[in-house]
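Structural overview
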Amino acid sequence: MSATTPEHSTHTGSRFTGPLYDARDIAERDHAAAPDLPAILPVPKQRGRITGFIYRHPTIFVGGLLLGVMIFIAIFAPYLGTKDPTALAPAKRIRDPSALYWFGTDMLGRDIYSRVLYGSRVSLIVGFSVAFCASVLGTFIGLVAGFVRPLDAVVMRVMDGLMSIPPLLLAIALMALTRASVQNVVIAITIAEFPRVSRLVRGVVLSLREQPYVEAAIASGTRVPVIIWKHILPNTLAALMVQATFICASAMITEAILSFIGAGTPPIIPSWGNIMAEGRALWQVKPFIVFFPAIFLSITVLAVNLLGDGLRDALDPRLAKRL
């Protein structure tokens, strides 16, 4: 039979015809003419690396920015319109803030603006030095006590004894035994702060030593110092960084208190605590003498605390804010 029936498809050139292919063509035309579905979810915004980081961790950005400004002031204090912070001018004492003296002058005629800017060096040096020394010493003690169990009971009882004394009172007692200097202030505050770091690191080590990879390293005969250096220490850095920021802020406040009561840095050294101590007698009539160093101290401590809070949120996977 040479004729084709409608039920069978025929071939004309390269075109197939028939009921099956006609239905497909109609479906394709209907599909092409169908309107686009409405967008239910908003299109995600594309952010750069820096913009995305600021969006996810605004406290780190704000805290780092404020702290960076304070570090800039401390480094470039001689080039920011300052004078000699120790130069005496009795004829110009207790001047109100003006275009010539931006923050006024104190009872000895010294420029408060210059003293406040140079005082940032003392606070930042003390804060960073104490945070570093306390972190290193506390980390070493915490690692040894947490991994070497025979030493744990003895070392931790000593740390508990130091922690039972308020840090400020302990620092005052230590400063009473030595002469006033920035170095002795750093040592006194470090002794008061490192027990807290050692207890924190010990707690982290006790949880890490039960992990399978540590047990595998012990079973394979790896030496204890190698296990601590390669497996334990890297996993304590996140908590240690956060703790170091809070120690830095606490050290700045403690240094200001020690200087305020006359047990810290020598009066000849311009520090925020010394400036406030010299102006407390004139607080009711000339409050700006205390106000300006107090504002700078508050901003610096706030910056460090914000940085610590942001690092805690960024380094803790349970608190991390991910898009």
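Worth saying up front: this structure is predicted, and the values here are computed from it rather than measured. (Residues numbered from 1 in each chain as written. Predicted model: local features only at pLDDT ≥ 70, side-chain atom pairs only at ≥ 80, totals over all residues. Heavy atoms only, no water.)

Section: the packing of aromatic side chains
Note the following rule: Any Phe, Tyr or Trp ring, taking Trp's six-membered ring, that has another such ring centre within 6.5 Å forms a pair; planes under 30 degrees apart are called stacked, those over 60 apart edge-to-face, and the others tilted. The rule for a charge over a ring is simple: NZ of Lys or CZ of Arg within 6 Å of the ring centre, and within 35 degrees of the ring normal.
A full pass over the atoms with the stated rule returns 7 aromatic pairs. One aromatic cluster is present, formed by Trp102, Phe103, Tyr113, Trp272, Phe291, Phe292 and Phe296 through successive ring pairs. Over the ring of Phe260 we find Arg280; its NZ or CZ atom is 4.8 Å from the centre of that ring.

Describing the confidence of the model for the protein chain
Using the following cut-off: Per residue, pLDDT measures the predictor's confidence, with a range of 0 to 100. Note on definitions: a residue-residue contact is assigned when non-hydrogen atoms from the two residues lie within 4.5 Å.
Summing up the model confidence of the protein chain, the mean pLDDT is 81 and the portion of residues at 70 or higher is 81%. Every residue in residues 1–16 scores below 50 in pLDDT, and together they form 10 contacts with partners more than four places removed in sequence or on other chains.

What to know about a nonpolar patch on the surface
What counts here: Patch membership requires more than 30% relative accessible area and the absence of a salt bridge. Residues of like charge join within 9 Å; the nonpolar side chains Val, Leu, Ile, Met, Phe, Trp and Tyr join within 5 Å. Per-residue and other accessible areas were derived by the Shrake-Rupley procedure at a 1.4 Å probe size, with only the shown protein chains allowed to occlude residues. Criterion for a salt bridge: a side-chain nitrogen of Lys or Arg within 4 Å of a carboxyl oxygen of Asp or Glu. Only DSSP runs of H or I reaching four residues or more are called helices, and only runs of E reaching two or more are called strands; each is numbered from the N terminus.
There is a patch of nonpolar side chains on the surface, built from Phe61, Val62, Leu65 and Val69 and spanning about 320 Å² of accessible area. Structurally, Phe61 is set in helix α3 (residues 58–75).

A look at the nonpolar core
One broad trend across soluble globular proteins is that nonpolar side chains are buried collectively. For the record, the criterion: To define a nonpolar core, start from buried Ala, Val, Leu, Ile, Met, Phe, Trp, Tyr and Cys residues and group those joined through side-chain atoms within 4.5 Å. Relative accessibility thresholds used throughout: buried, under 20% of the residue-type maximum; exposed, over 50%; partly exposed, between the two (1.4 Å probe, protein chains only).
Of all hydrophobic cores here, the largest spans 67 residues; its most connected members are Val116, Ile232 and Phe296. Here the element with the most residues in this core is helix α4 (residues 112–147); it accounts for 15 residues. Residues within four places of Phe296 in sequence aside, it is in contact with Met70, Ile73, Phe103, Val116, Leu117 and Trp272.

A few points about the side chain of Ser181
Note the threshold: In the analysis that follows, any N or O atom pair within 3.5 Å is treated as a polar contact, provided that within protein one partner can donate a hydrogen and the other can accept it, and provided that, for residues neighboring in sequence, both atoms belong to side chains.
Along the polypeptide, Ser181 turns up in the loop between α6 (167–176) and α7 (182–208). Here Asn184 takes part through its side chain, which lies 3.1 Å from a polar atom of the side chain of Ser181. Setting aside its immediate chain neighbours within four residues, Ser181 contacts Met175, Gly264 and Pro266.

Remarks on helix α10 (residues 237–260)
Where we set the bar: By this rule the span expected of a helix is its residue count minus one, scaled by 1.5 Å.
Here α10 contains 24 residues, and its C-alpha end-to-end distance of 34 Å stays within 8% of the 34 Å for a straight helix at 1.5 Å per residue. Gly262 occupies a position one or two residues after α10 and carries a positive phi of about 85 degrees.

So, unusual backbone geometry
One non-glycine residue with positive phi stands out, namely Ile94, at about 55 degrees. In this fold, Ile94 is placed in the loop between α3 and α4.

Some words on the side chain of Thr105
Its place among the elements puts Thr105 in the loop between α3 and α4. Looking at Thr105, the relative accessible area reads 0%, which means it is buried. Here the side chain of Thr105 touches Lys92 through a polar contact of 2.7 Å, landing on its backbone oxygen. At 3.1 Å, the side chain of Thr105 and the backbone nitrogen of Ile94 are in polar contact. Those residues in contact with Thr105 that lie beyond four places of it in its chain are Lys92, Arg93, Ile94, Arg95, Arg110, Asp111, Ile112, Phe288 and Ile289.

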